[in-house]
Amino acid sequence: MEPLTRSEVFVQLRKELYGDKESSHSSTHIFIILGASGDLAKKKIYPTLWWLFRDGLLPEDIYIVGFARSNLTVENIKAACMPHMKVHGCPCWSSETILQYTLPCKVR
């Protein structure tokens, strides 16, 4: 027996969750980051979100919400993430380009 493809796995999960009922899907996605000022966020989560955005793999209607104990601004987040953005040897995606095309963000 061959292993299931990713799509087949998701179909099976939906069937187990919803049975034969039609599931209601929202087109809005919310990504919540707890510890938004921490090392994991700046070294892994924010760079990964950037690459997903750059490659067109994030949904169009997405909200990214971060919670942190420290006072953050979008500029603080960008400055903290830049050393961890793996753009070495890729002239088309320099750190200046990343800053130009960052996700539209608001801090409230």
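Source: prediction; values computed, not measured. (Residues numbered from 1 in each chain as written. Predicted model: local features only at pLDDT ≥ 70, side-chain atom pairs only at ≥ 80, totals over all residues. Heavy atoms only, no water.)

*Asks:* Can you break down the overall build of the chain residue by residue, with the values?
*Replies:* When helices and strands are tallied, the chain shows four helices and two strands. Tracing the chain from N to C terminus, the helices and strands come up as α-β-α-β-α-α. Here the chain, with 108 residues, has 17% of them falling under the buried criterion. By sequence separation, contacts in the chain at least 24 residues apart represent 71% of the contacts at least 6 residues apart. In the structure as shown, the chain presents an accessible area of about 8,900 Å², 57% of it carried by carbon and sulfur atoms. (Helix = DSSP H or I, 4+ residues; strand = E, 2+ residues; numbered from the N terminus. Buried < 20%, exposed > 50% of the residue type's maximum accessible area, 1.4 Å probe, protein only. Contact = heavy atoms within 4.5 Å. Areas by Shrake-Rupley, 256 points an atom, 1.4 Å probe, with all protein chains shown as cover.)

*Asks:* How would you summarise the pattern of salt bridges if you had to cite specific residues and measurements?
*Replies:* In the structure shown here, the tally under the stated rule is two salt bridges. Across the salt bridge formed by D39 and K42, the nearest N and O atoms sit 3.5 Å from each other. One end of the pair, D39, and the other, K42, are both in helix α2 (residues 39-54), three residues apart, so they sit about a helical turn from each other. We classify K42 as partly exposed; its relative accessible area is 24%. With a shortest N-O distance of 3.8 Å, K78 and E75 are connected by a salt bridge. Of this pair, K78 and E75 both sit in helix α3 (residues 74-81), separated by three residues, roughly a single helical turn. Note on E75: relative accessible area 56%, which makes it exposed. (Salt bridge = Lys/Arg side-chain N within 4 Å of Asp/Glu carboxyl O.)

*Asks:* Requested: an account of α3, with residues and values cited.
*Replies:* Listed as buried for α3 are V74, K78 and C81. Buried residues of α3, viewed axially, fall in a sector of 70°; they line one side. Residues E75 and A79 are exposed on α3 and point more than 90 degrees away from its buried face. (Arc of directions from axis to C-beta.)

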